[in-house]
Each structure stands twice: as C-alpha cells, then as structure tokens.
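Secondary and tertiary structure notes
For reference, the chains in residue letters:
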Number of protein chains: 2
Amino acid sequence: MKKNPSMKYKIAIIGATGLVGQELIKLLKDFPIKKLSCFASLKSKNKFIIFKNKKIEVQPLQKKIFKKNFDFIFFTAGEKISKKYIPLIKNKNCKIIDSSSYFRLKKEIPLIIPEINSHLIKKNNIISSPNCTTILMLLPIYPLHKKFKVKRIIASTYQAASGGGIKLLNKLKKETKEHFKKSNEYVFNLFLHDSKLNKKKYSEEEVKMEKESKKILNDKNIKISATCVRVPILRAHSLSLNIEFSKNISLKKIYEILKNSEGIKIFEDCKKNIFATPKIATNKDKIFVSRIRLDPTKKNTIWLWVVGDQLLKGAALNMYQIAKSLIL
Amino acid sequence: MKKNPSMKYKIAIIGATGLVGQELIKLLKDFPIKKLSCFASLKSKNKFIIFKNKKIEVQPLQKKIFKKNFDFIFFTAGEKISKKYIPLIKNKNCKIIDSSSYFRLKKEIPLIIPEINSHLIKKNNIISSPNCTTILMLLPIYPLHKKFKVKRIIASTYQAASGGGIKLLNKLKKETKEHFKKSNEYVFNLFLHDSKLNKKKYSEEEVKMEKESKKILNDKNIKISATCVRVPILRAHSLSLNIEFSKNISLKKIYEILKNSEGIKIFEDCKKNIFATPKIATNKDKIFVSRIRLDPTKKNTIWLWVVGDQLLKGAALNMYQIAKSLIL
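Since this is a predicted model, take the numbers as computed values, not measurements.

As for the overall build of chain A
Counting its regular elements, chain A contains 9 helices and 17 strands. Taking the principal axes of its C-alpha atoms as reference, chain A extends roughly 60 × 55 × 45 Å. Buried positions account for 53% of the 328 residues belonging to chain A. Across chain A, contacts joining residues at least 24 apart in sequence account for 67% of those joining residues at least 6 apart.

What follows is the structure, given as structure tokens:
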C-alpha cells in the first residue's frame, strides 16, 4: 500500500452492527474514504448505518464479497468469522485489520498497538489488534518498560459488560431495570471472567493478557499473572496493576515518563480524592492512569490504577490507528 | 467474666439502626440474653427494633447510659462514637466489642478474628473487631500461613456499597432506579475506595488491610500491599489475592488445608465456570474461596478469589463470635 495523502480508500467493516463495529464507523468519519461497505450477519438484514449523513445498507456477510477489491477490511465479528473468512481473501493489496483473537499469536501476523510496535505493521497484510484488556494494560506500562524493564506484573481487572458484547450489555441494563421487581443474576454482582479455564485454571482472558503482552513487548521473560473479573459497569474496563521493574525507579521519573507518553492521561487529584473511573474514561480515546504509587513491599515496584474505554483504544480506536499509520 | 452455660446477659448495642447493628441483632437471637438495649443517634428517635417478636425502643445515645451494668456493649456506630464513649465505661466486668477502627492498632487492645487469635480475647475488656476487608482477606490466608508462612500479599478489592453504610447503599439503589431517566455518578461506575490518602498515597482502607493483618497474624515481616476499589454491588466484598509463601507449597495441600479450615467454603466448579460471587456470599456466614491456582510467575505463589459478606463475618458475625467465645 502506497502512502498518498490525496488517495481515498474502499473500506469494508465485518460486524458493522456490533459494539466495536459501531465505534469504528464513528472513527472512520475522519478517514479518507471512497466507499464504505458494511457487513453483518443475517440478523442485521434491512438495518442501515448512518455515515456522514448518508444511509448505508448493512449487507449480509457472504463469501463472494471478498472477491471485491477493498483496500481495508476491518473484522470485528469475533474469532469464528475471522477464522472462516480471512483465509479466503486473496488480494495481497488489501489490508485486513482483525480484532479477533484467531490470528493474534500466529508468528507471521503482527499484533499491533501503534504506540508500541507500529514498525511491525507492514510485515503482513493481516494485522491483529490485541485483546482489549491487554491494550489497556500495556499502554501505560510500555513507556515504563522501555526505561526500567518490567520484571513481573500482577493484574486484577474490573471489566465492563460491553466487553462481553451487545447481549451482555443489554442483559445488565434489562436486569437492572427489573431488579426492583424481582431478583436476578447480573445486576449488583461480579463474575469471574466468563471464558473457559485452561488446565492450570486460568481463563482465556487471563491467558490472553499474558501471551499477547509477551508478544507485543517482544519479551518472553516478562512475568504476567492476572485475575479477570466482570463488574456491573456498562463501559470501560479498569485494571489494578502491581508492576515490578528490573532497574532502579523513582516516583518522579515514573510520573515524568507517563506524562510524556502517547495515548495516556494521568488523572488524579490525591487531595480531593479524584481518580479515574469508568464513567470518566467512557468515550475517551486516552487510557487514564491514577493512584500512581510505590509498593513499599517490593523494590522497584509500583501500583497503577488504569481505566480505558475498551471499545475505543481497547478495540476500534486501536484498529483505526493501525489503518491510519498504514496510510500516513 | 465467668463462663456459665445457664447465665444470661445484659447487652447493649450502640448503632442499633445501622447496617452492622441490624445484622448483629439478628445474630443475637441465639445468644443467652437477659435484656437487650438498643441505642442510636437522635435521628433514630421513636424507632423500634423487633427482637424475638418483641418491640424494643431505640434509645438516644447519652453518656449516662454507660453507668448501667451491661455485660456486653457492642459498638457499631463508627470511630467518633467509639472514641467518645468507650473511655467513659468504668465497669471492668463489662466486655466492650468495638467494630470501629479507633482502638484496633492500640497495643493493649486485642484485635480479634476468633478463628485466628481467640486466645488473646481475654487480655482486655475492650476488644476490637477488624476492618471488614481485612477479615475477609485473612480468614482463608491464615490456615495457609500457619503451614507455609506468607511472604507477600498483593490484594485488589471489589467492595460493596453497603460497606460504606446505609447512605451509600441507598444512594446506589436510588441512582440505579433513576439511571434510566438521568445520568448519575455511582451507578454503573467504580470508585477508588473513598477514604483519604496518606503521604505515600495509600487510602485508609489499604493501610488498615496492611497494619491490621500484621497485628492479627502477629508478624511484622509479612508484606501486604493493596488497592481498594468500591464497586456497584449492594452487599459482600470481593478480593483478588496473590499470595507468596516462604515454604514449599502444592496445590493439593492448599485445597486440603482450606477444605479443613473453619469459616471457609471452597466454592468452585471449574468445568461449569461457577465461582463465588457477591450474590452467593450475601447473607452467608462463611467466606467463599474460588479460583484457587498456582501463579506460575513466582515460586510458592497462589491466587485466591475471596468473597464474603462484610456485614456478617466482616463485622457483625465476627463481633458475635468474639462475644460467644467469651461465654462458652
């Protein structure tokens, strides 16, 4: 793909009616587009997407659409759809940006957070965007890692309903409305992250955070261990991170580095007890960092409270940025 | 206080209309009581408590009431009330069980979780009951600590609204009801624990978890570092704990010890993805333990997901058990 500032592109979105798809469409209004094509499952038949004040019909996803010459195809419809359709795309000039987990850990596929490893973006025409929680975790850790070299991360997450898709989001809303009439499960409750456990009893989300991080940071020796929990929050995930570094740190330097790093906003007023919350981070592009403090129980170790909109930087925005850095 | 199985006791509850006070009154129906007196602030004037099918008038808290010969006085009205009134009590035969933080770290005052250190219960007529989150954390850790000696604990908490008292609980309920009409702060949101930060930027709750634990476990060398977060849950706190031991552990032994320990219930079905949640732990006496697994990033380290009703074992039940072990 040649970089040409006056060039306009033919773009397809697979999963256009999903939560990530819809965020992506909002972001694409600033992208140089020749034509935007929206695809979804048969359930979305007869639906329309409003894009730049024009109605775009949502088309059913079929094999034959991949014969068209798109410049970019964004896959936001989950692992099964990516696995089934991406290998059918033969046009090597088409850039495929995939938000699913299917290709993420494959060796030849770059797994990209543009602030961290955009230099790998052109390795392949398929580019994976990482797990949302992994993105939120690594964005503030990476600049510190460059300086101090991370040794071990202990992460406990507080994940929003929308991370589980429209169904789970609507379930929380519906059950909350109903709660005062009858009791139900999801409102006012927590869940351990609703993915299968492996043999060592780690959930898929926890494994993703570990493996994807190692790949993105290109460092197999970093130790990452997580407990992922779903909280009754509509949008924006939160992470409680305890991070040990190999090199000598100081709190002053930590602040300085974070303050000067891309995509991050330090958000705290310790005197007024104001810190980042999911409400504050919702609909924001930046990852919010709060409660920055030394952990006195371990040398060169800090705590961070990190909150970010998992649908934006955790998914749609990261994909959009990948596309942007391909054309600029 | 002499132990006498046929003896009946005069009992006072300070803060009888509060969340902990009300739980305590429910528990006391099985206690050998001669007379139960209920005290609260003037706001609770003309209120009644139903106890064993009898109406008990809630009396205003005044200095003169402490001249009466109570056998037990339970303080559940917070730090200021405990600080102001407990020193006025001159009757050395009266056992004062205090749920506030005011006396907890004073050297001469025992800080008791009966399953852990009930042998210290008779040291003083004032007995402190620990911070709710500290109780929930230590109950499952203690039996493991006895066997393997804890080296370091990393805790991330998920705390219910009711831990902040009736006001916060009602705020969450009210705002949730209103949410679909207008936006507000507490519903569908998280907060860093709403207590002041110290110079090292740790909140009071985080400091309590550290200092109280060291005192209860009688070990200053244990390293404890926590991030405490309020979640939109009505009742029951949750903790994500990463625990490093000094001695060699095995997962089998960990299960065996936890299975045979008092006050704990292992609650997990890894195949069906069923784990302890706040809803499951609400109104239960036991502390629920889930997601028991090794942390492969550190030798002799495990994860536990711990959920408990902070009003029961975290407060009222612990106080009740202290009283019980004084009479049995």
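Right, picking up where we left off after that structure.
Observations regarding the sheet that holds strand 2 (residues 33-40) of chain A
All names here are of chain A. Spatially, the 7 strands line up as an open sheet ordered 3-4-2-1-5-6-7, and their pairing is mixed. With one partner strand each, in any of the chains shown, strand 3 (48-51) and strand 7 (126-128) form the two edges of the open sheet. This sheet shows a mean twist of 25 degrees between the axes of neighbouring strands, independent of strand direction. Against the sheet, helix 1 (residues 19-27) makes contact with strand 1 (9-14), strand 3 and strand 5 (72-75), and its axis sits at roughly 160 degrees relative to strand 1, the strand it touches most.

Quick notes on the relation of the copies chain B and chain A
Structural alignment of chain B on chain A gives an RMSD of 0.0 Å, achieved by rotating through 180 degrees and translating 0.0 Å along the axis. Here the two chains are linked by the operation of a two-fold rotation axis.

Thoughts on the packing of helix 4 (residues 132-148) of chain A against helix 7 (residues 251-259) of chain A
Residues and elements named next belong to chain A. Contact geometry of helix 4 with helix 7 gives a least axis separation of 9 Å together with a crossing angle of 125 degrees. Regarding the angle of helix 4 to helix 7, the classification is oblique. The handedness of the crossing between helix 4 and helix 7 is right-handed. Taking contact as the criterion, the partners of Pro140, Pro143, Leu144 and Lys147 in helix 4 are, on helix 7, Ile254, Ile257 and Leu258. Partitioned by chemical class, the residues of the contact of helix 4 with helix 7 number 6 nonpolar, no polar and 1 charged.

Examining the confidence of the model for chain A
Of all residues in chain A, 95% attain a pLDDT of 70 or more, and the chain-wide mean is 87. On the interface metric, ipTM, the complex scores 0.78, and its pTM is 0.82.

Here we look at the interface of chain B and chain A
Contacts between the two partners involve 47 residues from chain B and, on the opposite side, 47 residues from chain A. When residues of the side of chain B that touches chain A are traced back to their parent elements, those giving at least two are strand 8 (150-158), helix 5 (165-179), strand 9 (191-192), strand 10 (223-227), strand 12 (237-245), helix 8 (278-281), strand 16 (287-294) and strand 17 (301-308) of chain B. Here the side of chain B that touches chain A is built from residues that sort into 22 nonpolar, 12 polar and 13 charged.

Concerning the domain arrangement of chain A
All names here are of chain A. On domain assignment, one finds that chain A holds domain 1 (9-130 + 315-327) and domain 2 (134-310). Computed over C-alpha atoms, the centres of domain 1 and domain 2 are 25 Å apart. Domain 1 puts 14 residues into the contact, and the matching count from domain 2 is 17 residues. Secondary-structure elements contributing two or more residues to the side of domain 1 that touches domain 2 are helix 3 (114-117) and helix 9 (312-327). Split into classes, the residues belonging to the side of domain 1 that touches domain 2 amount to 8 nonpolar, 4 polar and 2 charged.

Structural notes on the pairing of strand 12 of chain B
All names here are of chain B. The element strand 12 is largely enclosed, with a buried count of 9 among its 9 residues. Burial of the side chains of strand 12 extends over both faces: His237, Leu239, Leu241, Ile243 and Phe245 are buried on one face and Ser238, Ser240, Asn242 and Glu244 on the other. Where strand 12 and strand 17 come together, 8 bridges link them in antiparallel fashion. Along strand 17, the bridge assignment pairs Leu239 with Val306.

Structural notes on the packing of helix 4 (residues 132-148) of chain B against helix 6 (residues 204-217) of chain B
All names here are of chain B. Packing of helix 4 against helix 6 brings their axes to within 10 Å, and their N-to-C directions diverge by 40 degrees. With respect to their mutual orientation, helix 4 and helix 6 come out oblique. The chirality of how helix 4 crosses helix 6 is right-handed. Only Glu205, Lys208, Met209, Glu212, Ser213, Ile216 and Leu217 of helix 6 make contact with helix 4, whose side of the interface consists of Thr133, Thr134, Met137, Leu138, Tyr142 and His145.

Observations regarding the sheet that holds strand 8 of chain B
Residue and element names in this part refer to chain B. Spatial strand order, 10-8-12-17-16-13: 6 strands in an open sheet with mixed pairing. If you trace the sheet from one side to the other, it starts and ends with strand 10 and strand 13 (264-266), each paired once. The mean inter-strand angle of the sheet, taken between neighbouring strand axes irrespective of direction, is 25 degrees. As paired elements, strand 8 and strand 12 share 8 bridges and run antiparallel to each other. Directly across from Ile154, in strand 12, lies its bridge partner Asn242.

About the cut-offs
Residues numbered from 1 in each chain as written. Chains lettered and ligands numbered in written order. Predicted model: local features only at pLDDT ≥ 70, side-chain atom pairs only at ≥ 80, totals over all residues. Helix = DSSP H or I, 4+ residues; strand = E, 2+ residues; numbered from the N terminus. Buried ≥ 20, exposed ≤ 12 C-beta atoms within 10 Å, placed from the backbone. Contact = placed C-beta atoms within 7 Å. Pairing = 2+ DSSP bridges. Axes fitted to C-alpha atoms, helices over the stretch in contact; angles between N-to-C directions. Least-squares fit on C-alpha atoms with pLDDT ≥ 70 in both. Parallel < 35°, antiparallel > 145°, perpendicular 65-115°, else oblique. Left-handed = near helix turned anticlockwise from the far one by under 90°. Nonpolar A, V, L, I, M, F, W, Y, C, P; charged D, E, K, R; others polar. pLDDT = per-residue confidence, 0-100. Domains from an automatic or database assignment.

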